[in-house]
Structure formats: C-alpha cells, structure tokens
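Architecture at a glance
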Amino acid sequence: MPTVKIAPSILAADFADLGAECRAVEAQGADWVHLDVMDGHFVPNLTMGPAICKALRPHISTVMDVHLMIAPVDPFIAAFAEAGADILSVHPEAGPHLHRTLQAIRAAGVRAGVALNPATPAAAVSEVLDLVDLICVMTVNPGFGGQKFIASQLPKISELRRMIGDRAIHLQVDGGVDAATAPRVAEAGADVLVAGSAVFRGGSAADPAAYGENIRAIRAAAEGVRT
Ligand code: DX5
Ligand code: ZN
C-alpha cells in the first residue's frame, strides 16, 4: 500500500521551546518537520526568519521543509539555504519570475517547491515541472494554523497528480489536515500531509505521547484509502 509522509507544522508548537518540539515530534514518528515562514506582508502574520530556522537545524534529523510565505522571496533564498533547509517552497505570487526563483533555489543546493493558494490554479506550475521537487496545495488561505479545510481544492490535487505523472515530485497538502480530511487528500493523490494543530493538540515536548497518537491516526486514515 502506498505510504504518506506526515510533516508536522511547528506553527502549532510551543514557540518558547521549538528545538524540543522538533525533537519530540520526530521521536513520535514525524517524517518531515514543516516550518512556516511569514512576513506580515505576503500573509497577515509574522513568524520566524532564517536565524530561527538555522537554530532549529540541529534539532531536525529528518527533512527541514521550509514554507516561505514572504514577498519578495528572492533576496532571502541564500539565507534560508545557508540555514540548512532541505526544501524551500515559494508561492508564485511572491515574485515576478517563478522560473528564476526555482533555478536560484536549486542552484543553492536545495530542493525546490511551489505552494499554490486556494485561488491559484494548477496551471501555475505547468511550465516549471522540470524545476520542482514538490508542489504544495494549500487547503486554507496561508497565514494561520487551525483554519477550516477548503474542500474545493480536492479536484486540484487530483489534477496535479495527473500532471506530475511519473515525475519524482512530491504532492503536498497544507491546511486543515486531520484524520477526517487526510483520507480525502490522500485519495486525490497527495503523498505529503502537513498538519499543525491536528498533530500538536493534547501533548507537549515534555509529554509528547499525544503527538504520536495524532500522527498515527492521520497516517492510518490516509493510508487506509490509498490503493
Ligand atoms: C498556514 C500554514 C500551515 C499551517 C497548518 O499558512 O502554511 O502549514 O501551519 O496548520 P493547520 O494544520 O492547523 O491547518
Ligand atoms: Zn505551511
């Protein structure tokens, strides 16, 4: 049975203890760790910059998956690469030249992703498939955790799965993913599930058993429908 990767978003973790939160969630079964970078301009919230990502790097032994919700994004690619990101995802709206931005990410030795807002069509990546390692379908408007899953995005996930074909491109879904919505996105073709509130609820770095239960519940729900 095909597997899915679970990428907890530390946006829902204790910001006073992020290193311990990363270690805890990995110990509890996370496949990747998802870092949401927001600038208060591209999205109406502020989170972390390259210095915090760099500080977290030693606390992440899986994949540091950095979701950049900043504009302009190009001036910061080098800093996030230097911070140790394994994947840098950008939004097409974050600069005038998506192709150039993706080239710059790859030239920095980092895997490149494109994140699509709910109003952004799948076609936004049709001409850059040879430059991406990941496509992220946002199932909420970016900016905040804990929002309601936008089900209208499911056909876009299916469409992107068809566009990807046999290319080695991950299809990620981000926003409102929990054990109830995971089967729907997995069935549509997603193979990496970002989840913030649904992973971090009920636990803490000091008492992380709930993280493991939450991750297993999302994974089981998703993998139960994949054939
Ligand atoms: C939203 C972020 C998401 C967010 C997901 O802008 O990109 O990664 O943390 O949080 P939940 O899983 O709570 O919707
Ligand atoms: Zn995200």
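All of the points below concern the structure found in this document. (Residues numbered from 1 in each chain as written. Chains lettered and ligands numbered in written order. Predicted model: local features only at pLDDT ≥ 70, side-chain atom pairs only at ≥ 80, totals over all residues. Heavy atoms only, no water.)

The next subject is the nonpolar core. Counting 72 residues, the largest nonpolar core has Ile10, Leu35, Ile135 and Leu193 as the members making the most contacts within it. Residues contacting Leu193, with those up to four places away along its chain left out, are Val4, Lys5, Ile6, Ala7, Val173, Val177, Ala182, Val185, Ile218 and Ala222. If you look at the next biggest cluster of nonpolar residues, it comprises 11 residues, including Trp32, Leu134, Cys136 and Val140. (Core = buried A, V, L, I, M, F, W, Y, C linked by side-chain atoms within 4.5 Å. Buried < 20%, exposed > 50% of the residue type's maximum accessible area, 1.4 Å probe, protein only. Contact = heavy atoms within 4.5 Å.)

Buried residues dominate strand 5 (residues 111-116), accounting for five of its six residues. The parallel pair strand 4 (residues 87-90) and strand 5 is bridged by helix 4 (residues 98-107), and the resulting crossover is right-handed. Inspection of the sheet shows strand 5 paired to strand 6 (residues 134-138) by four bridges, in the parallel sense. Its bridge partner being in strand 6, Leu116 is matched across the sheet by Val137. (Helix = DSSP H or I, 4+ residues; strand = E, 2+ residues; numbered from the N terminus. Right-handed = clockwise from strand over helix to strand, strands pointing away. Pairing = 2+ DSSP bridges.)

Turning to the site of ligand 1, a few remarks are in order. In the vicinity of ligand 1, 20 residues are found, and the nearest of them are Gly143, Asp174, Gly176, Gly196 and Ser197. Look at ligand 1: alone it shows 380 Å² of surface, and the protein chains cover 99% of it. Elements that contribute at least two residues to the shell around ligand 1 include exactly strand 2 (33-38), strand 3 (64-69) and strand 8 (192-195). Here the shell around ligand 1 takes three residues from strand 2, the largest share from any one element. Looking at the shell around ligand 1 residue by residue, the classes come out as eight nonpolar, 10 polar and two charged. (Near = heavy atom within 4 Å. Areas by Shrake-Rupley, 256 points an atom, 1.4 Å probe, with all protein chains shown as cover. Nonpolar A, V, L, I, M, F, W, Y, C, P; charged D, E, K, R; others polar.)

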